[in-house]
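Chain and residue survey
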Amino acid sequence: MSRFPASSFDLAIADPPYNLSSGGNWKWDNSVKLKGMGGNWNKVMESWDNMPLTDYLSFTLAWLSEIKRLVKPEGSFWIHGTYHNIGIVNLCMQMLGLEIINEIVWFKRNSFPNLSGRRLTASHETILWGHTGGSKNRKYLFNYEASKSKNYPEDLLKTPGKQMRTIWDIPNNKRKEELQFGNHPTQKPERLIARMLDISAPKSGTVLVPFVGSGTECVVAKKYHLDYVGFEIEQSYIDIAKKRIDFLDNQGYLFL
Ligand SMILES: C[S@@+](CC[C@H](N)C(=O)[O-])C[C@H]1O[C@@H](n2cnc3c(N)ncnc32)[C@H](O)[C@@H]1O
């Protein structure tokens, strides 16, 4: 990211490691069929997702500083998380003077039940929407009319014509096409990313994707006729992402 000149991007969507793999050494594999759970499910247990807290703090500060430098003040950025990491992301944003526009609760009504029976069933993730202009320079693009008028039939909390709220009811199901080239343990559904682009994407421009994984953000950007630049450290995920993007090129644009 450091090789790009300042203000190279119109938007960023960061789905970083949540740093939740510490404290266990078990993993579901895909041969375990979980009836009614709507697809494969893995507990993440990867080295990229298991950092000492202070390392995670410096790591987060490093990539957020680059987002601050690289995203134009007219643009904005979205960051995914859960309680494991989102507090640190929030702290780092405040340290860097990055204003939070909204905190969104992504409600996953079909989330996986709690297996231990010792906690409530975790059924949401938190998303922070921020901008790089600072509180005295709010120039970021907000497609207000689209956010109001757009109909999301699967979202039981959104009424077309009414302002969009900060709770998004988006099932975590992925269509067959989204999973056909392999599995990423924390793959996001395309509909979630589409919602972000409806709200904040310009008609043309370039999206920065610091953590590509299986390529969901890049695929959806492409469906919205946006360019993208993505980064990923695992070759096997790059392979999946490339196949998904090639599939789009070969099939034409699919509906979300
Ligand atoms: C939460 S996942 C992203 C999943 C993606 N949103 C999707 O739908 O497939 C985070 C990804 O970041 C990658 N990663 C971890 N550390 C990284 C780094 N320093 N630079 C680039 N990618 C990194 C991991 O390999 C992992 O695939």
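The shown structure was predicted, so the numbers you read here are calculated from the model rather than taken from an experiment. (Residues numbered from 1 in each chain as written. Predicted model: local features only at pLDDT ≥ 70, side-chain atom pairs only at ≥ 80, totals over all residues. Heavy atoms only, no water.)

Structural notes on the overall build of the protein chain
Looking only at helices and strands, one finds 7 helices and 7 strands in the protein chain. Traced from its N-terminal end to its C-terminal end, the protein chain shows the element sequence β-α-β-α-β-β-α-β-α-α-β-α-β-α. Sorting the 256 residues of the protein chain into buried and exposed places 44% on the buried side. When contacts within the protein chain are restricted to residue pairs at least 6 apart in sequence, long-range pairs at least 24 apart make up 71% of them. Carbon together with sulfur atoms contributes 53% to the accessible area of the protein chain, which is approximately 13,300 Å² in total. (Helix = DSSP H or I, 4+ residues; strand = E, 2+ residues; numbered from the N terminus. Buried < 20%, exposed > 50% of the residue type's maximum accessible area, 1.4 Å probe, protein only. Contact = heavy atoms within 4.5 Å. Areas by Shrake-Rupley, 256 points an atom, 1.4 Å probe, with all protein chains shown as cover.)

What to know about helix H7 (residues 235-251)
One turn of the α-helix equals 3.6 residues, which is why residues spaced by three or four share an orientation. Under the 1.5 Å per step criterion, the end-to-end length of H7 is 24 Å for 17 residues, consistent within 8% with the ideal 24 Å. Taken residue by residue, H7 has Tyr237, Ile240, Ala241, Arg244, Ile245, Phe247 and Leu248 as its buried positions. Seen end-on, H7 carries its buried residues on one side only, within an arc spanning 150°. With respect to the buried face of H7, the exposed residues turned more than 90 degrees away are Lys242 and Asn250. (Expected span 1.5 Å × (residues − 1). Arc of directions from axis to C-beta.)

Remarks on the side chain of Thr132
Structurally, the position occupied by Thr132 is in the loop between strand S4 (124-131) and helix H3 (144-149). Judged by relative accessible area, which is 13%, Thr132 ranks as buried. A distance of 3.0 Å separates the side chain of Thr132 from the backbone oxygen of Val71, its partner in a polar contact. Looking at Thr132, its side chain comes within polar contact range of the main-chain oxygen of Lys72, at 3.3 Å. (Polar contact = N/O pair within 3.5 Å; in protein donor to acceptor, adjacent residues only side chain to side chain.)

Structural notes on the site of the ligand
Of all residues adjacent to the ligand, which total 22 residues, the nearest are Asp15, His184, Ser214, Thr216 and Glu232. Contact distances for the ligand include 2.6 Å between an oxygen atom and a side-chain N or O atom of Thr216. Taking Glu232, its side chain carries an N or O atom lying 2.5 Å from an oxygen atom of the ligand. Contact with the protein chains covers 91% of the free accessible surface of the ligand, which is 610 Å². (Near = heavy atom within 4 Å.)

A few points about the packing of aromatic side chains
Scanning the entire structure with this criterion turns up 11 aromatic pairs. Taken together, a centroid distance of 5.7 Å and an interplanar angle of 70° make the contact between Phe142 and Tyr144 edge-to-face. Cation over ring: Lys108 sits above Trp106, and NZ or CZ is 4.9 Å from the ring centre. Against the face of Tyr152 rests Arg195, its NZ or CZ located 3.9 Å from the ring centre. (Phe/Tyr/Trp six-rings, centres within 6.5 Å; stacked < 30°, edge-to-face > 60°. Lys NZ or Arg CZ within 6 Å of the ring centre and 35° of its normal.)

As for a nonpolar patch on the surface
On the surface, a nonpolar cluster with roughly 250 Å² of combined accessible area is contributed by Phe107, Leu157 and Ile167. With respect to the secondary-structure elements, Ile167 resides in strand S5 (residues 167-169). For Ile167, a relative accessible area of 40% corresponds to the partly exposed category. (Patch = residues over 30% accessible without salt bridge, like charges linked within 9 Å, V, L, I, M, F, W, Y side chains within 5 Å. Salt bridge = Lys/Arg side-chain N within 4 Å of Asp/Glu carboxyl O.)

Thoughts on the pairing of strand S1 (residues 9-14)
The two faces of a sheet get side chains in turn, since along a regular strand they alternate between them. For S1, the buried fraction is high: 6 of the 6 residues fall into the buried class. Two strands pair when backbone bridges link them, and S1 and strand S2 (residues 71-81) are joined in this way by 5 bridges, in the parallel orientation. Residue pairing for S2: Phe9 is matched across the bridge by Val71. As paired strands, S1 and strand S6 (residues 206-209) are joined by 2 bridges and run parallel to one another. When the bridges of S6 are listed, Ala12 appears paired with Leu208. (Pairing = 2+ DSSP bridges.)

Describing the side chain of Glu125
You can see Glu125 is positioned in strand S4. There is a polar contact of 2.8 Å between the side chain of Glu125 and the side chain of Lys108. If near-sequence neighbours (up to four positions away) are discounted, Glu125 is found in contact with Tyr18, Gly81, Thr82, Ile104, Val105, Trp106, Lys108 and Lys188.

Some thoughts on the packing of helix H6 (residues 216-223) against H7
Packing of H6 against H7 brings their axes to within 9 Å, and their N-to-C directions diverge by 20°. By the criterion of interaxial angle, the relationship of H6 to H7 is roughly parallel. Like other packed secondary-structure pairs, H6 and H7 cross with a definite hand, here right-handed. In this structure, H6 uses Thr216, Cys218, Val219, Lys222 and Lys223 to contact H7, whose residues at the interface are Arg244, Ile245, Leu248 and Asp249. (Axes fitted to C-alpha atoms, helices over the stretch in contact; angles between N-to-C directions. Parallel < 35°, antiparallel > 145°, perpendicular 65-115°, else oblique. Left-handed = near helix turned anticlockwise from the far one by under 90°.)

Some thoughts on unusual backbone geometry
In this model, Ser7 sits at a positive phi of 55°, which is unusual for a non-glycine residue. Locating Ser7 in the fold gives a position in the segment before S1. If you check the backbone angles, His225 has positive phi at about 60° while not being a glycine. Tracing the chain through its elements places His225 in the loop between H6 and strand S7 (227-230).

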